[in-house]
Amino acid sequence: MNILAIETSCDETSVALVRKPYEVCSNVIFSQVDLHGPYGGVVPEIACRSHVEVLPGVIEEGLQQAGAGWNDVDAIAVTYGPGLASSLLVGLAAAKALAMRLKKPICYVNHLQGHIYSPFLAPEAPAPESVFPFLSLVVSGGHTCLVRVDALGKSTLLGQTIDDAAGEAFDKGANLLGLGYPGGPIMDKLGREGNPDFHAFPRGRAKRERGLINGMDSDLCFSYSGLKTALLYYLKQNPIEDGNQQLLADVVASYQEAIVDSLVRKTAKAMKDIDTLAVGGGVSLNSRLRSRLAAYAEANGKQLLLAQAKHCGDNAAMIGCIAGLGLGRWGDSLMDCDASPNLRVTEQ
Ligand code: KG4
Ligand code: ZN
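Residues numbered from 1 in each chain as written. Chains lettered and ligands numbered in written order. Predicted model: local features only at pLDDT ≥ 70, side-chain atom pairs only at ≥ 80, totals over all residues. Heavy atoms only, no water.

Some thoughts on the overall build of the chain
Then, in step 1: Each helix and strand in the chain was counted, giving 10 helices and 13 strands.
Then, in step 2: For a compact globule of 348 residues, the expected C-alpha radius of gyration is about 20 Å, and the chain comes in at 20 Å, within 12% of that figure.
Then, in step 3: In terms of principal-axis extent, the alpha carbons of the chain reach across some 65 × 45 × 35 Å.
Then, in step 4: When the 348 residues of the chain are sorted by exposure, 52% land in the buried category.
Then, in step 5: By sequence separation, contacts in the chain at least 24 residues apart represent 73% of the contacts at least 6 residues apart. (Helix = DSSP H or I, 4+ residues; strand = E, 2+ residues; numbered from the N terminus. Rg over C-alpha atoms; globule rule 2.2 N^0.38 Å. Buried < 20%, exposed > 50% of the residue type's maximum accessible area, 1.4 Å probe, protein only. Contact = heavy atoms within 4.5 Å.)

Here you go:
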């Protein structure tokens, strides 16, 4: 069964052809990063217009790279949330039109479930069924959460950010430092030259509020809004002169360490009775996070599954994977599903 998958939840237009359950035959990603760069963040109007312009070409490319034609498509999968409403609608409209025209079933997919299962797309990864229960750490520009997955379609949210996502913390920090957008990859590169212990930036407040946050252990919840304020005040008191690259790298490495430290510490706490950790989302590309998680896994005898670089950021292969696993919402009537911008991570 060949699944044509479409992803347009934010600022990447992506189309993949995935063979059930999740063999990736093509995965075309058109990034709009250059369009949003001048604004320092994603502009929803620009994002949805660009999806409208490029999606038809990206669909054709997705088929072509898989060596497939329209007759080879057996089902359509599409992200219906969470994300930007106007961006989601573009993919949904295209997917519904294709399903109707081709008379094929359609599967509506939760984008975050895609990130959760993305590490299993790596050729050497075990099948998800063989590692239940596993812990998923999803770290992206819009989300930061810890999810326990007990079976296909059965997951529990253990913790999430109470304010900014980890990727937002990178992007906003980079903005304060005048480093450009998106800040994550730039800080990752610069941070490699710096000393992570140069300055102790705060490690998030959520842990000090003992007890529960919406039923979740507050010590498994993240908080990053105080971190960027701490950087703002630090820079006011300690301006970095132009050209002082070493100082800049030290501040970046320290700021990055505060983000990574809280991710690793809370993940380790949530892993207590779980043997496998699966990590996905754009921030999981971060080299410091990868090496700290690898060290943790090695020291504690845990299995670590990291998404491959091409499956970390937003991509349609992970959406097709959800449909291939039989997850998602298979539409009986083609028009029955609306965009769901605030869809929760554990919903199908
Ligand atoms: O998953 P993604 O492509 O989109 C969302 O669903 O949000 O994640 C984008 C985020 C951005 O905030 C970007 O700065 C961050 O991932 N990112 C990184 C790295 N590469 C991308 N953050 C830290 N280190 C990186 N190497
Ligand atoms: Zn995403």
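Let's talk about the packing of helix H6 (residues 183–191) against helix H8 (residues 245–270)
Pairs of packed helices are described in terms of their axes, by the angle between the two and the distance that separates them.
Then, in step 1: With their axes 8 Å apart at the nearest point, H6 and H8 run at an angle of 115 degrees to one another. At the point where H6 passes H8, the crossing takes the left-handed sense. Each of Met-187, Asp-188, Leu-190 and Gly-191 in H6 lies in contact with H8, whose residues at this interface are Gln-245, Leu-248, Ala-249, Val-252, Ala-253, Tyr-255 and Gln-256.
Then, in step 2: Partitioned by chemical class, the residues of the contact of H6 with H8 number 7 nonpolar, 3 polar and 1 charged. (Axes fitted to C-alpha atoms, helices over the stretch in contact; angles between N-to-C directions. Left-handed = near helix turned anticlockwise from the far one by under 90°. Nonpolar A, V, L, I, M, F, W, Y, C, P; charged D, E, K, R; others polar.)

Notes on the site of ligand 1
Then, in step 1: In the vicinity of ligand 1 there are 20 residues, among which Gly-141, Asp-171, Asp-188, Gly-282 and Asn-286 approach most closely.
Then, in step 2: Asp-171 places a side-chain nitrogen or oxygen 2.7 Å from an oxygen atom of ligand 1.
Then, in step 3: Asp-314 has a polar side-chain atom sitting 3.0 Å from an oxygen atom of ligand 1.
Then, in step 4: Within the complex, 86% of the 550 Å² of free accessible area of ligand 1 lies under protein.
Then, in step 5: At the level of secondary structure, the elements contributing two or more residues to the shell around ligand 1 comprise helix H4 (111–117), helix H5 (166–176) and H6.
Then, in step 6: There are two domains that each give the shell around ligand 1 at least three residues, and those are domain 1 (2–116 + 312–336) and domain 2 (127–306). (Near = heavy atom within 4 Å. Polar contact = N/O pair within 3.5 Å; in protein donor to acceptor, adjacent residues only side chain to side chain. Areas by Shrake-Rupley, 256 points an atom, 1.4 Å probe, with all protein chains shown as cover. Domains from an automatic or database assignment.)

Overview of the pairing of strand S3 (residues 23–31)
The side chains of a regular strand alternate, residue by residue, between the two faces of the sheet.
Then, in step 1: Sheet analysis places strand S2 (residues 12–19) next to S3, joined by 8 bridges and oriented antiparallel. Looking at the pairing, Val-15 lines up with Val-28 of S3.
Then, in step 2: Here S2 hands over to S3 after 3 residues, the two strands then running antiparallel side by side. (Pairing = 2+ DSSP bridges.)

Side note on the coordination of the zinc ion (ligand 2)
Then, in step 1: Looking at the metal site, the zinc ion (ligand 2) is ligated by His-111 (NE2), His-115 (NE2) and Asp-314 (OD), spaced 2.1 Å from it.
Then, in step 2: Classification of the site at the zinc ion (ligand 2) as irregular follows from its 4 donor atoms and the range of 92 to 138 degrees in their angles at the metal. (Donors = N, O, S within 2.8 Å, 3.2 Å for Na, K, Ca; no water. Tetrahedral: all angles 85-135°; square planar, octahedral: opposite > 155°, others 65-115°.)

A closer look at the domain arrangement of the chain
Then, in step 1: Once the domains are mapped, the chain shows domain 1 (2–116 + 312–336) and domain 2 (127–306).
Then, in step 2: Measuring from the centre of the C-alpha atoms in domain 1 to the corresponding centre in domain 2 gives 27 Å.
Then, in step 3: Counting from both sides, the interface comprises 17 residues of domain 1 and, opposite them, 21 residues of domain 2.
Then, in step 4: Together domain 1 and domain 2 conceal approximately 1,300 Å² of surface at their shared face, both sides included; 73% is due to carbon and sulfur atoms.
Then, in step 5: Inspection of the domain 1/domain 2 interface yields 2 residue pairs in polar contact (both at pLDDT 80 or more).
Then, in step 6: With 4 residues, H4 is the largest single contributor of residues to the side of domain 1 that touches domain 2.
Then, in step 7: Within the side of domain 1 that touches domain 2, the residues separate by chemical class into 9 nonpolar, 7 polar and 1 charged. (Buried area = accessible area lost by both parts, 1.4 Å probe.)

Topic: a nonpolar patch on the surface
Then, in step 1: Among the surface-exposed residues, Leu-176, Leu-232 and Tyr-233 lie close enough to one another that they form a single nonpolar patch of about 260 Å² accessible area.
Then, in step 2: By secondary structure assignment, the location of Leu-232 is in helix H7 (residues 225–237).
Then, in step 3: Assessed through its relative accessible area of 34%, Leu-232 is described here as partly exposed. (Patch = residues over 30% accessible without salt bridge, like charges linked within 9 Å, V, L, I, M, F, W, Y side chains within 5 Å. Salt bridge = Lys/Arg side-chain N within 4 Å of Asp/Glu carboxyl O.)

Considering helix H9 (residues 287–300)
Within an α-helix, residues lying three or four positions from one another point in the same direction, as the helix has 3.6 residues per turn.
Then, in step 1: Helix length check: H9 (14 residues) gives 20 Å between terminal C-alpha atoms against 20 Å at 1.5 Å per residue, within 8%.
Then, in step 2: Where H9 is buried, its residues meet strand S6 (134–139), H8, strand S11 (276–280) and strand S12 (303–306).
Then, in step 3: Taking the backbone nitrogen of Arg-288 as reference, a side-chain oxygen 3.1 Å away marks Asn-286 as the first, capping residue of H9.
Then, in step 4: Of the residues trailing H9, Gly-301 is marked for its positive phi of about 65 degrees. (Expected span 1.5 Å × (residues − 1).)

Some details on the packing of aromatic side chains
The geometry of an aromatic ring pair is captured by two quantities: the separation of the ring centres and the angle between the planes.
Then, in step 1: Overall, the coordinates contain 8 aromatic pairs when judged by the stated rule.
Then, in step 2: When the ring of Phe-132 is compared with that of Phe-134, the centres are 5.8 Å apart and the planes differ by 15 degrees; the resulting orientation is stacked.
Then, in step 3: Under the relative-accessibility criterion, Phe-134 is labelled buried at 0%.
Then, in step 4: Look at Phe-201 and Tyr-255: their rings are 6.0 Å apart centre to centre, the planes differ by 80 degrees, and that puts the pair in the edge-to-face class. Of this pair, Phe-201 sits in the loop between H6 and strand S9 (212–213) while Tyr-255 sits in helix H8, and the two are 54 residues apart along the sequence. As far as burial versus exposure is concerned, Phe-201 and Tyr-255 are alike and both buried.
Then, in step 5: An aromatic cluster is defined as three or more aromatic residues linked by ring pairs; in this entry it consists of Tyr-117, Phe-120, Phe-132 and Phe-134.
Then, in step 6: Directly above the aromatic system of Phe-222 lies the positively charged group of Lys-266, at a separation of 5.9 Å from the ring centroid. (Phe/Tyr/Trp six-rings, centres within 6.5 Å; stacked < 30°, edge-to-face > 60°. Lys NZ or Arg CZ within 6 Å of the ring centre and 35° of its normal.)

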